[in-house]
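Here is how the chains run, residue by residue.
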Amino acid sequence: MLRHNVQAAMPVGRNDLPRHLLEDYRLEEMLRSPHRFIRPEPSSEQHSPLQWRHRVQYAVSHAVNAFYSLDPDVRKEVPIQYLLEKWWPKKTNGFESVLHYWDVKNKITDELSLAAAMNDDLKHPAILFEQWRTELPSLSMHLSMIFQAAWQPEGWDSLLIQKYMVVHDPNVVEAFQHMVSAFCWEAFGQLPGMIEIYCLLEGRKIRYIPGRQSLIRSMDYIRLIRDSMPQAEAVESERFTTRDKARIHEEVDRWRTDAAEPKKTWLM
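Just so it is clear, the model here is predicted, and its values are computed rather than measured.

(A) Region of interest: the nonpolar core. Leu143 and Ile222 are the most contacted members of the largest nonpolar core, which has 38 residues in total. The dominant element in this core, judged by the number of residues it contributes, is helix H6 (residues 170–188), at 11 residues. The residues touching leucine 143, leaving out its near neighbours within four places in the chain, are Leu21, Leu22, Trp132, Arg133, Thr134, Leu136, Met179, Ala182, Phe183 and Ile222. Counting residues in hydrophobic clusters, the runner-up holds 31 residues, among them Val56, Trp88, Tyr101 and Leu200.

Right, here's the structure in full:
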């Protein structure tokens, strides 16, 4: 099912990178924190503790990876909360309070356990926490993504793509849906059968079924992001202002307003 157009992402030198490379984790951080995207603060100012969300996402990602790396029969004997505990932050640093620490831990534990129970029929992941890169010839660019979990359920001829997020962010959700659709179309020759995004703290599961019309919209979205981002050699330029740092957000908002159309999205 996986076509030759997919390349396993490997560390490469800066000169080896394609001129236009869109990486999902960089876009996600930009959408969450646009002020950090264009021109990061000097290294001397980057030593503040990681936000609690980053620390919790680290634990969640490791727990999900470890859980679905197990044989399906073994999973029944190893609760996912046991694996989550292994990577959960041991200190409350970065959380709003001790109470916040325990509230987040209890909610994440409950939601991950529920998700594991709901996915009991999924046996062996086709992709599990792997980074892939493919070319989008029509956009003259490359797309790099980290797939947390991708499955081919019994009876399906397409993939079920899953993402586990600590905190719901509508911009990140939308970007992920578009990037996954474009990536799967170019790399695998077909759209995913379904995209599921678990927003753990909110207890929400967002299901999205892409189609040919939504693929056009996805390509337009990625083209917009590509054209809004500065070239790598210009990132360090002092010409970028506060206005520049908000440009992508403004362009996405304008694009969303001009091209609004019904989506096959269900919120649970």
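(B) Broad picture of the environment of arginine 207. Position of arginine 207 among the secondary structure elements: in strand E7 (residues 204–208). The spatial distance from the C-alpha of arginine 207 to the C-alpha of glutamine 177 is 9.8 Å, given a sequence separation of 30 residues. Side-chain polar atoms of arginine 207 contact the side chain of glutamate 196, separated by 3.0 Å.

(C) How the structure looks around the packing of helix H4 (residues 80–87) against helix H5 (residues 98–118). Packing of H4 against H5 leaves a shortest axis separation of 9 Å and a crossing angle of 140°. Taken together, H4 and H5 sit at an angle that is classed as oblique. Between H4 and H5 lies a crossing of right-handed hand. Listed contacts from H5 to Ile80, Gln81, Leu84 and Glu85 of H4 are Lys105, Ile108, Thr109, Leu112, Ser113 and Ala116. Partitioning the contact of H4 with H5 into residue classes produces five nonpolar, three polar and two charged.

(D) Up close: the packing of aromatic side chains. A complete count under the given rule lists nine aromatic pairs for this structure. With centroids separated by 5.0 Å and ring planes inclined at 85°, the aromatic side chains of tyrosine 68 and tryptophan 151 adopt a geometry described as edge-to-face. With tyrosine 68 in helix H2 (residues 52–69) and tryptophan 151 in strand E4 (residues 141–151), this pair connects stretches of sequence that are 83 residues apart. Judged by its relative accessible area of 3%, tyrosine 68 is buried. Ring centres of phenylalanine 147 and phenylalanine 183 lie 5.2 Å apart, and the angle between their planes is 70°; this geometry places the pair in the edge-to-face category. Here phenylalanine 147, found in strand E4, pairs with phenylalanine 183, found in helix H6; they are 36 residues apart in sequence, far enough to count as distant. Cluster of aromatic residues (ring-pair linked, three or more members): Trp52, Trp88, Phe95, Tyr101 and Trp102.

(E) Highlighting unusual backbone geometry. Its identity as a non-glycine residue notwithstanding, phenylalanine 129 has a phi of 45°, on the positive side. Unusually for a residue other than glycine, serine 140 sits at a positive phi of about 55°. Taking relative accessible area as the criterion, serine 140 reaches 54% and is therefore assigned exposed.

(F) Expanded view of the side chain of arginine 53. In this structure, arginine 53 sits in helix H2. A residue is classified by how much of its surface remains accessible, and arginine 53, at 11% relative accessible area, is buried. Sequence-distant contacts of arginine 53, defined by excluding residues within four places in its chain, comprise Glu29, Arg32, Val166 and Val167.

(G) The side chain of aspartate 24, seen in detail. Residue position: aspartate 24 is located in helix H1 (residues 24–32). When near neighbours in sequence (up to four residues on either side) are disregarded, aspartate 24 contacts Ser144, Met145, Ile146 and Met179.

(H) Highlighting H5. The terminal C-alpha atoms of H5 lie 30 Å apart, and with 21 residues this matches the ideal 30 Å at 1.5 Å per residue to within 8%. Packing partners of the buried residues in H5 comprise H2, H4, strand E5 (160–165) and strand E6 (194–199).

(I) Representation of the pairing of E4. Most of E4 sits inside the fold, with 10 of its 11 residues counted as buried. Between strand E3 (residues 127–136) and the antiparallel strand that follows it, E4, lie four residues; serine 140 among them carries a positive phi value of about 55°. Summarising the sheet, E4 and E5 pair through three bridges and their orientation is antiparallel. Paired with tryptophan 151 across the strands is leucine 160, a residue of E5.

(J) Summary view of the pairing of E6. Burial analysis of E6 places six of its six residues in the buried class, which makes it a mostly covered element. Taking every second residue as pointing to the same face, both faces of E6 are buried, with Met194, Glu196 and Tyr198 on one and Ile195, Ile197 and Cys199 on the other. Judged from the six bridges that link them, E5 and E6 form a sheet pairing that is parallel. Opposite leucine 160, over in E6, you have methionine 194 as the bridge partner. One crossover worth recording links E5 to the parallel E6 by way of H6, and it is right-handed. Pairing analysis gives five bridges linking E6 to E7, with the strands arranged antiparallel. Bridge pairing links isoleucine 197 to isoleucine 206 in E7. Count of turn residues in the E6/E7 antiparallel hairpin: four residues, of which glycine 203 carries a positive phi of about 65°.

Cut-offs used in this document
- Residues numbered from 1 in each chain as written.
- Predicted model: local features only at pLDDT ≥ 70, side-chain atom pairs only at ≥ 80, totals over all residues.
- Heavy atoms only, no water.
- Core = buried A, V, L, I, M, F, W, Y, C linked by side-chain atoms within 4.5 Å.
- Buried < 20%, exposed > 50% of the residue type's maximum accessible area, 1.4 Å probe, protein only.
- Helix = DSSP H or I, 4+ residues; strand = E, 2+ residues; numbered from the N terminus.
- Contact = heavy atoms within 4.5 Å.
- Polar contact = N/O pair within 3.5 Å; in protein donor to acceptor, adjacent residues only side chain to side chain.
- Axes fitted to C-alpha atoms, helices over the stretch in contact; angles between N-to-C directions.
- Parallel < 35°, antiparallel > 145°, perpendicular 65-115°, else oblique.
- Left-handed = near helix turned anticlockwise from the far one by under 90°.
- Nonpolar A, V, L, I, M, F, W, Y, C, P; charged D, E, K, R; others polar.
- Phe/Tyr/Trp six-rings, centres within 6.5 Å; stacked < 30°, edge-to-face > 60°.
- Expected span 1.5 Å × (residues − 1).
- Pairing = 2+ DSSP bridges.
- Right-handed = clockwise from strand over helix to strand, strands pointing away.

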